[in-house]
There are 2 protein chains.
Amino acid sequence: MKIEHFIAQSEGTWRSMRSGHSLAFQQFDNIISNIKIELLSTKDNEITSLLDYYSNLNSKPISPFRISWEADSDWGEQASETDLASGSSIFIPVPKSNSTGLMIRSLGYAERQKVICNYTLLPNDSLELITEYENSIAEEQIWFASKNVRCRSSIIRISGSSGILQTSFASEIRRMKGSAN
Amino acid sequence: MKIEHFIAQSEGTWRSMRSGHSLAFQQFDNIISNIKIELLSTKDNEITSLLDYYSNLNSKPISPFRISWEADSDWGEQASETDLASGSSIFIPVPKSNSTGLMIRSLGYAERQKVICNYTLLPNDSLELITEYENSIAEEQIWFASKNVRCRSSIIRISGSSGILQTSFASEIRRMKGSAN
């Protein structure tokens, strides 16, 4: 699988069940969100202005996309408690090889800032993203359990230490009629 | 990594935070348990009697171990509600190659019965277990996020369909003084 296939397969609307595990406090954090993944054009203004910021790229950006999310307000619990309850981020892959490359993100995952991460498509077709922030390193893995179920795990480490702050796991179900196939 | 190294690294007592996601009902199920993983001898009575049951093995069993678990009763919620709140299972690896083999389990994960599964140690050092039960197929992946943090994800599929019943994710923290390194 190439990155553009992985992204094409991800396009659509998803319902996400996400559990965060805070390891030091042994606390669970469950949230249900609606997620939309849409493909963009490399000519879109948002993309060109983000690319202007990163001028030293050695290869060609491809298959940019936007992820928007909104916590399900009917579901209660954490919804609207934090500024993470809704938002969107743009992603621009810049392949280095068939299976590796850089990924520009307009909004990071562990720290809310513009960031570049490294991606690798593993032999089992899961996508690994590693992002080094100022104070932490986020390792994310995303894979398709079936055509309509995507799984996503993450580990957030403290920079310069082997300590782990948090893990999380999300089951994302494509929004359509019928069962989760 | 070989299977015996993976098992040796797993030995000890762990505190597990586990989240189950029921996809059809979009329900979360969080539980904290204490887990003990102990190495056994291939000469132990429990091991030899389990091996007697599986007489057609083509290679030599190695590194058998027992996993015992008990839900944290102080923590409440699901503890003691089900017969899964505490229990133990014996595992006997029977390698076929450096990275693959069979694993005999005295008690299955998705269905509570004696079972043989297939294991594979993936290039990224995670251990994949695939177990075919009568009505379901369980795919589990276990990896070390650090020396003292193990992660475990599972997907339970309906046999003969692409439907997914449940996913789960556990963060297992080695029980010792200090932070989770």
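See above for the structure.
Sequence order as written defines the numbering, with residues in each chain counted from 1. Throughout, the order in which chains and ligands are written sets their labels, letters from A for the former and numbers from 1 for the latter. Reporting in this predicted model follows two pLDDT cut-offs: at least 70 for local features of residues, and 80 or more for side-chain atom pairs to be given and counted; totals over whole chains, interfaces and linings ignore these cut-offs and use all residues.

With that out of the way, let us pick up the overall build of chain A. Helix and strand definitions follow DSSP, with helices as H or I runs of at least four residues and strands as E runs of at least two, each counted in order from the N terminus. Looking only at helices and strands, chain A has two helices and ten strands in total. Atoms considered for the radius of gyration are the C-alpha atoms alone. The globule rule reads 2.2 Å times the number of residues to the power 0.38. For 181 residues, the compact-globule estimate of 2.2 N^0.38 gives 16 Å, and the C-alpha radius of gyration of chain A, at 16 Å, lies within 12% of that figure. Reported as C-alpha extents along the three principal axes, the dimensions of chain A are approximately 45 × 45 × 35 Å. Residues with at least 20 other C-beta atoms within 10 Å of their own are called buried, those with 12 or fewer are called exposed, and the rest are partly exposed. The C-beta atoms themselves are positioned from the backbone. Looking at chain A residue by residue over its 181 residues, the buried ones come to 31%. In this description, any two residues whose backbone-derived C-beta atoms lie within 7 Å of each other are considered to be in contact. Here the analysis covers contacts within chain A between residues at least 6 apart in sequence; of these, 47% occur between residues at least 24 apart.

Turning our eyes to something else, we now look at the interface of chain A and chain B. Counting residues at the interface gives 28 residues for chain A and 28 residues for chain B. Contributions of two or more residues to the side of chain A that touches chain B are made by β1 (12–22), β2 (27–39), β8 (136–146), β9 (149–158) and β10 (164–174) of chain A. Tallying contributions element by element places β10(A) first for the side of chain A that touches chain B, with five residues. Gly is placed with the polar residues, together with every amino acid not listed as nonpolar (Ala, Val, Leu, Ile, Met, Phe, Trp, Tyr, Cys and Pro) or charged (Asp, Glu, Lys and Arg). Counted by class, the side of chain A that touches chain B contains 15 nonpolar, 13 polar and no charged residues.

A word on the environment of Pro93(B). One can find Pro93(B) in strand β4 (residues 86–95). Separated by twelve residues in sequence, Pro93(B) and Arg105(B) place their C-alpha atoms 8.9 Å apart.

Each copy is superposed on the other by least squares, with the fit set by C-alpha atoms of residues at a pLDDT of at least 70 in both. Rotating chain A by 180 degrees and moving it 0.0 Å along the rotation axis overlays it on chain B with an RMSD of 0.0 Å. A rotation of that kind, with that shift, is consistent with a two-fold axis. Comparing interface residues between copies, 100% of those in chain A also lie at the interface in chain B; the contact surface is shared.

This brings us to the sheet that holds β1(A). Two modes of strand pairing occur in sheets, parallel and antiparallel, and in both the strands are linked by backbone hydrogen bonds. Residues and elements named next belong to chain A. Should DSSP find at least two bridges between two strands, the strands are regarded as paired. An order of β1-β2-β3-β4-β5-β6-β7-β8-β9-β10 is seen for the ten strands of this closed barrel, with the pairing classed as antiparallel. For this sheet, the mean inter-axis angle between neighbouring strands, taken without regard to orientation, is 25 degrees. Where strand β5 (residues 100–105) and strand β6 (residues 115–121) come together, six bridges link them in antiparallel fashion. In the strand pairing of β6, Met-103 is matched with Cys-117. Sheet strands touched by helix α1 (residues 3–10): β2, β3 (65–71), β4 (86–95), β5, β6, β7 (127–132), β8 and β9. Its angle to β6, the strand with the most contacts, is close to 100 degrees. Only C-alpha atoms enter the line fits that serve as axes; for helices the fit covers just the stretch in contact. Angles between N-to-C directions range over 0 to 180 degrees.

Below, the discussion takes up the pairing of strand β10 (residues 164–174) of chain B. Residue and element names in this part refer to chain B. The buried fraction of β10 amounts to nine of the eleven residues, a majority that puts the element mostly inside the structure. In terms of strand pairing, strand β1 (residues 12–22) meets β10 through nine bridges, oriented antiparallel. When the sheet's bridge partners are listed, Arg-18 is paired in β10 with Ala-170. Hairpin connection from strand β9 (residues 149–158) to β10: five residues lie between these consecutive antiparallel strands, with Gly-160 at a positive phi of about 70 degrees.

On to the environment of Ser159(B). Residues and elements named next belong to chain B. Summarising the element assignment, Ser-159 is placed in the loop between β9 and β10. The exposed category is assigned to Ser-159, around which 11 C-beta atoms lie within 10 Å. Residues Ser-159 and Asn-135, 24 residues apart in the sequence, show an inter-C-alpha distance of 5.3 Å. Sequence-distant contacts of Ser-159, that is, excluding residues within four places in its chain, are made with Asn-135, Ser-136 and Ile-137.

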